[in-house]
Amino acid sequence: MDFLSACVLAAGIGMGLGAVGPGIGGGMVVGSALEGMSRNPGASGKLLTTMFVGFALIESLAIYALVVVLIILYANPYKEVALKAMEHLAK
Amino acid sequence: MVHPFLFLQYLRGILIPLLFPNAMNLGGEALENAQKAVDTITYSWLVMAFLIILSLLTIKGLKRMPGRFQNFMELLFGTIETMVTETMGKHGKAFLPLIATLFLFILISNLIGLLPGFFPPTANINTTLALAVIVVVLTHLVGIKCHGFSYIKHFLGPVWWLAWMIFIIEVISHISRVLSLSLRLFGNIGGHEVVIMVVFMLVPFLVPLVMTVLGLLIAVIQSVVFMYLSMIYIQGAAEEAH
């Protein structure tokens, strides 16, 4: 498996697995916010605000995975090493 | 993957020879990085100019019976002041200029990214890192000012025989505050830019509209979350230790 295939595979698997946890957590946040709003419709303003803030904090974990994937694809720190190895092999 | 056309790209010709004089000769990737940096700088100036002109227009015609524009600005600042005093208490009013500036700068920067021909300055990690470092350094300064030297008790925990471990954990937690604040904002807005470009490449017909609506929601929510987190961090440094 060469360098570029490994990079692309890592990017795909990394982002896919990194979105599972925040997805489940976000669903639980919105679910309990909806249940609270249905039990007590008067508090729905405060619940809505807290739900948005809480969801953004949880979603940031998926964003960290996205940032790592973007670094792998576009700002890869091992690019020069890999390019030199490939030139060496081509000779 | 770069923006095809930006309105202020003509300023690149003036600023790149000024700030990155080697980039013109090296070409290729160095030129692309220099262009991205100069785009961030020029669009930050645009957002700053917009906010300054907005405030000058608000101050100029202050009346006792407010017209529409003054009413809107009063509503905006009243909401921000309510949120600040709710989270930070009475002495939180001293931080109202900083929190309101953070909120408005990040909100306008994020919203600008939704228009074609504009580049959001928060899509560059340097901008978000600068904002996060300002907030975290401010929390330390507030802690030292409010508590003096006994601010170190915040880092030592409730019992003395766990102090060494809790100190390491608190230092790591403070460093991760900088990283999380900056990466959250950069990832949301920069990632949204990447997604919009990919979607335009794949299906230019109606799907970019859906992504732009999502981008509008993300822009507003991320600015509110940054503001809330800054208020909570500053409040955490100003209150009593455990």
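Higher on the page you've got the structure.
Everything quoted here is computed from the prediction, not taken from an experiment.

(A) The overall build of chain B, seen in detail. When helices and strands are counted, chain B shows eight helices and zero strands. Traced from its N-terminal end to its C-terminal end, chain B shows the element sequence α-α-α-α-α-α-α-α. Across its three principal axes, chain B shows a C-alpha extent of roughly 60 × 55 × 40 Å. For chain B, the residues scored as buried account for 24% of the 242 residues in total. Excluding contacts between residues fewer than 6 apart, the proportion of contacts in chain B whose partners are at least 24 apart in sequence is 65%.

(B) Summary view of the interface of chain B and chain A. Across the boundary between the two partners, chain B contributes 12 residues, which contact 10 residues of chain A. For the side of chain B that touches chain A, the elements supplying multiple residues, two or more each, are α7 (163–202) and α8 (207–238) of chain B. A total of seven residues in the side of chain B that touches chain A trace back to one element, the largest contributor, which is α7(B). Looking at the side of chain B that touches chain A, its residues break down into six nonpolar, five polar and one charged.

(C) How the structure looks around α8(B). The terminal C-alpha atoms of α8(B), which comprises 32 residues, lie 47 Å apart, in line with the 46 Å expected from a rise of 1.5 Å per residue. Among all positions of α8(B), only Gly215(B), Ala219(B), Gln222(B), Ser223(B), Val225(B), Phe226(B), Met227(B), Tyr228(B), Ser230(B), Met231(B), Ile234(B) and Ala237(B) are buried. Contacts from the buried residues of α8(B) go to α3 (44–74) of chain A together with α4 (68–88), α5 (96–112), α6 (125–147) and α7 of chain B.

(D) Layout of the environment of Thr128(B). Residue and element names in this part refer to chain B. Within the secondary structure, Thr-128 sits in helix α6. Judged by the 26 C-beta atoms lying within 10 Å of it, Thr-128 is buried. Apart from residues no more than four positions distant in its own chain, Thr-128 is found in contact with Thr-122, Ser-182, Leu-185 and Phe-186.

(E) Layout of the packing of α4(B) against α8(B). All names here are of chain B. In the contact formed by α4 and α8, the axes pass within 9 Å of each other and the chain directions differ by 35°. Helix-helix and strand crossings are classified by hand; for α4 and α8 the assignment is right-handed. Here Val-84, Thr-87 and Met-88 of α4 come into contact with α8, specifically with Met-231, Ile-232, Ile-234 and Gln-235. Residue composition of the contact of α4 with α8, by class: five nonpolar, two polar and no charged.

(F) Region of the structure containing the packing of α6(B) against α8(B). Residues and elements named next belong to chain B. Interhelical geometry of α6 versus α8 gives an angle of 25° and a closest axis separation of 8 Å. When the axis of α6 is compared with that of α8, the two are roughly parallel. Our pair here, α6 against α8, has a crossing hand that is right-handed. Contacts between α6 and α8 pair Val-135, Leu-138, Thr-139, His-140, Val-142, Gly-143 and Cys-146 from the former with Ser-230, Tyr-233, Ile-234, Ala-237 and Ala-238 from the latter. Class assignment for the residues of the contact of α6 with α8 results in eight nonpolar, four polar and no charged.

(G) The environment of Ile80(B), seen in detail. Residues and elements named next belong to chain B. Counting through the fold element by element, Ile-80 comes out in helix α4. Using a count of 16 C-beta atoms within 10 Å as the deciding quantity, one classes Ile-80 as partly exposed. Sequence-wise, Ile-80 and Leu-96 are 16 residues apart; in three dimensions their C-alpha atoms are separated by 8.0 Å. Discounting chain neighbours no more than four positions away, the residues touching Ile-80 are Ile-99, Ala-100 and Phe-103.

Quick notes on the rules
Residues numbered from 1 in each chain as written. Chains lettered and ligands numbered in written order. Predicted model: local features only at pLDDT ≥ 70, side-chain atom pairs only at ≥ 80, totals over all residues. Helix = DSSP H or I, 4+ residues; strand = E, 2+ residues; numbered from the N terminus. Buried ≥ 20, exposed ≤ 12 C-beta atoms within 10 Å, placed from the backbone. Contact = placed C-beta atoms within 7 Å. Nonpolar A, V, L, I, M, F, W, Y, C, P; charged D, E, K, R; others polar. Expected span 1.5 Å × (residues − 1). Axes fitted to C-alpha atoms, helices over the stretch in contact; angles between N-to-C directions. Left-handed = near helix turned anticlockwise from the far one by under 90°. Parallel < 35°, antiparallel > 145°, perpendicular 65-115°, else oblique.

Any functional reading would require information beyond the geometric quantities listed.
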